[in-house]
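Geometric and topological summary
Next come the chains, spelled out residue by residue.
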Amino acid sequence: MIAFVPEDRRGRRVLFTPGPLTTTRTVRDALRDDIGSWDNDCIALVSRIRTSLVDIAGGRDDLTCTPFQGSGSYAVEAVLGSAVPRDGGLLILVNGAYGQRMVYIAEALGLPHRVMRDPEYRPHDPAALDKTLAEDPEITHVACVHCETTTGLLNPIRELGLVVDKHRRRYIIDTISSFGAYPIAEADHITGTANKCIEGVPGFAFVISRRAAVEAAAGNARSLSLDLHGQWAHLEKTGQFRFTPPTHVLLAFEQALVEFQAEGGVEARAARYRDNHRVLNDGMTRLGFSPFIAPEHQSHIITAYRFPTDEFDFRSFYDRLRGQGFIIYPGKVTDADTFRIGNIGSIDRREIEALLAAIERVM
Ligand SMILES: *Cc1c(COP(=O)(O)O)cnc(C)c1O
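First things first, this report covers the structure right here in the doc. From a predicted model like this one, the values you see are computed outputs, not experimental measurements.

1. A few points about the layout of surface pockets
Here the largest pocket is characterised by a volume of approximately 300 Å³. Around the largest pocket, the lining is made up of 21 residues, and of these Ser 73, Tyr 98, Arg 101, Ile 176 and Lys 196 lie nearest the centre. Every element with two or more residues in the lining of the largest pocket is listed here: helix H3 (72–83) and helix H4 (97–109). By residue class, the composition of the lining of the largest pocket is 10 nonpolar, 8 polar and 3 charged. Counting the residues that make up the lining of the largest pocket, at least three belong to each of domain 1 (14–24 + 265–362) and domain 2 (26–260). Empty space within the second largest pocket amounts to approximately 210 Å³. Along the wall of the second largest pocket there are 15 residues; nearest its centre are Asn 95, Gly 96, Asp 118, Glu 120 and Thr 334.

2. Side note on the pairing of strand E3 (residues 90–94)
With respect to burial, E3 is a largely interior element, 5 of its 5 residues being buried. Of the two faces of E3, the one lined by Leu 90, Ile 92 and Val 94 and the one lined by Leu 91 and Leu 93 are each fully buried. As defined by bridge partners, E3 adjoins strand E4 (residues 113–117) across 5 bridges and the pair is classed as parallel. Along E4, the bridge assignment pairs Ile 92 with Val 115.

Conventions used here
- Residues numbered from 1 in each chain as written.
- Predicted model: local features only at pLDDT ≥ 70, side-chain atom pairs only at ≥ 80, totals over all residues.
- Heavy atoms only, no water.
- 1 Å grid on protein atoms, 1.4 Å probe; cavity = no way out; pocket = protein on both sides within 12 Å on 5 of 7 lines; lining within 4 Å.
- Points joined across faces, edges and corners; volume = space filled by probe spheres on them.
- Helix = DSSP H or I, 4+ residues; strand = E, 2+ residues; numbered from the N terminus.
- Nonpolar A, V, L, I, M, F, W, Y, C, P; charged D, E, K, R; others polar.
- Domains from an automatic or database assignment.
- Buried < 20%, exposed > 50% of the residue type's maximum accessible area, 1.4 Å probe, protein only.
- Pairing = 2+ DSSP bridges.

Here is the structure:
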C-alpha cells in the first residue's frame, strides 16, 4: 500500500500511461451491476452515452456517435475500412506509431492508400498537404492523428482540415488520445476510446461522424464486425450494439461522464492536465531529463523524455518506480531512446509530485 495515495480515490498503483489509466474508485464501483443487453436499462444507457459524446464533440445536430466493442484501434479500423470506397484513395499522414498503425490497417484491409511521412518530432505541414492533394486527384480521404501518443506531439488538425476542405476531400482524425482534453476540429469522422481522457475503463471505442458521412459508408466495409454503417444503422434502429455490448464498461463510462461534467468538461479537464504537464516537465527538467518534442508542439497528454545517458537502464528504472507504486511507459520513437510519462487520468499535481520524488530517489 502506498501511503500518499488516498484510498478512496484509486487502486494500489498509479498509472502514468496513455491508457488504461488511473480511474476513480466511483468509476470502478459502477462496474458492479449486471444489466441485460436487450433491456431498456442498456438501451437507455447507450443512448445517453452516444448523446453525451456528441455533446463533447461540439453537439452539432449533424453529428452521430457509433460505439464499437474493443480498444481504440478497432474504431480506427472500422472508420478506415468503412469510409473509403472500393474506388477511393486514402492519404495517411504519419509522424508516429499511431499514424503508422493506420498504414498497417490499410495494408491489412487492402485499402488503396498512400502515405505522407514526417519525422516524429515535426508536426504535419498544411502547405505540403495542399501540394499533395493538388497533385493527386485519386485521393478521396485524408487521415491523420491529432495527438501522436508516441511522443505527445500535437498535429495542426484544424489547419490541415481547411486544406482538406479546400480540395473537397473527406477528413478522418484519430483523436483517441485528445478527445475530452482538447477542443476537436471539424471532420467527417473522429475517433475516441473509453479509457483515455474521459477516464473510463477499457472495453469500447467510438466514432463520431457527420451523419452524411456514415450514410455514405453503406456497403464499403471490409469487415462484418467493424462495419461503421452496419453498427450505426443497427444502433439507430434498435438502440443496441449489433453484437454483445460491454455492459459493465458502459456503466463505468457513464459514471466517468458524470465526473467529467462535474469537473467542468473539456476546459476544466484540459486545465488539470496542463497543470500536471507543467509540474511534471519542470520537475523532470530539474532532474536532468529533456523532452523529445519542442515545447511549442508538445501536448498536455503525454511526454516522451530522452534517456539521460547512454548507460540509462530503462528496465531497472521502471522496476524501481513500480516497486514504489508508479507505472510509467516505455518509449516508441523509432530512432531515439525515450520513455514516456502520461499525465492523463484521475491524477493531479499531488501524484505528479510524488512521482517526481520517487524518480529522484531511484536515480
Ligand atoms: C491509444 C491510441 C490508439 C488506440 O490504441 P489501442 O491500443 O487500440 O487502444 C490510437 N491512436 C492513438 C493516437 C492513441 O493514443
